[in-house]
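An overview of the molecular structure
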Amino acid sequence: TDVQSDALLEEARKAAQLRCQGIVAVYDVGRHDGISFIISDLIDGSNLADLIARQHPDMVTSVKLVAEVAEHLHYAHEQGFIHRDIKPANILIDKVGKPFITDFGIAVSHEELLRSRNAATGTLPYMSPEQVAGEIQLIGARTDVYALGVVLYELLTGKLPYPARTPTA
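The model shown is predicted, which means the values in this text are computed figures rather than measured ones.

Attention now moves to the pairing of strand S4 (residues 91–94). Regular strands place their side chains on alternate faces of the sheet. In this sheet, S4 lies alongside strand S3 (residues 45–47) in antiparallel orientation, the contact comprising three bridges. By the bridge assignment, Asn47 is partnered in S4 with Leu92. Relative to strand S5 (residues 99–101), S4 runs antiparallel, the two being bridged by three bridges. Each residue of the ladder has a partner; that of Ile93, found in S5, is Pro99. Linking S4 to S5, which pair antiparallel, is a turn of four residues; within it Gly97 sits at a positive phi near 90°.

Turning our attention to the sheet that holds S4. Across the sheet, which stays open at both edges, the three strands sit in the order S3-S4-S5 with antiparallel pairing between neighbours. The two strands at the open ends of the sheet, each matched to only one other strand, are S3 and S5. On average, adjacent strands in this sheet sit at an angle of 25° to one another, irrespective of strand direction. Sitting on the sheet, helix H3 (residues 59–78) is in contact with S4 and S5, with an inclination near 35° to S5.

Rules of the game
Residues numbered from 1 in each chain as written. Predicted model: local features only at pLDDT ≥ 70, side-chain atom pairs only at ≥ 80, totals over all residues. Heavy atoms only, no water. Pairing = 2+ DSSP bridges. Helix = DSSP H or I, 4+ residues; strand = E, 2+ residues; numbered from the N terminus. Axes fitted to C-alpha atoms, helices over the stretch in contact; angles between N-to-C directions. Contact = heavy atoms within 4.5 Å.

Take it as geometry only, folks, not as evidence of what the structure does.
Shown next as structure tokens:
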């Protein structure tokens, strides 16, 4: 649909502004014959969720991986972006074990967040308390840091800290 195509293009435009070795680079976006496209780096590997399911990383590997992702997130935050959906499926791992952040589809600047008034966006098990509560004024870089902490917890323990499936729970 046109709405999905517009959302796809908007995601790509956001990601294209970020130039960091640990963020999947987007080079071009567009539409041809009614089909939207994104030209980005190809990361030869899989995502962290698949890696966890196949072969749970050891503690040292897990900590190094999360520390590297934290550096890349810090860069995005310095550029004014809040990802809002950090989770294992949005962390790609290449063949040599280097992580890349992807899926900036719901990333926003703080100003966009205040205009949109839509805080409760993300993947529930990784959402910070301020996201779940819809407290827009509290959403910022720490929201992503919280989600990355949940990823680390999951890597170290093999489970989520809060397995509830509804915001109320």
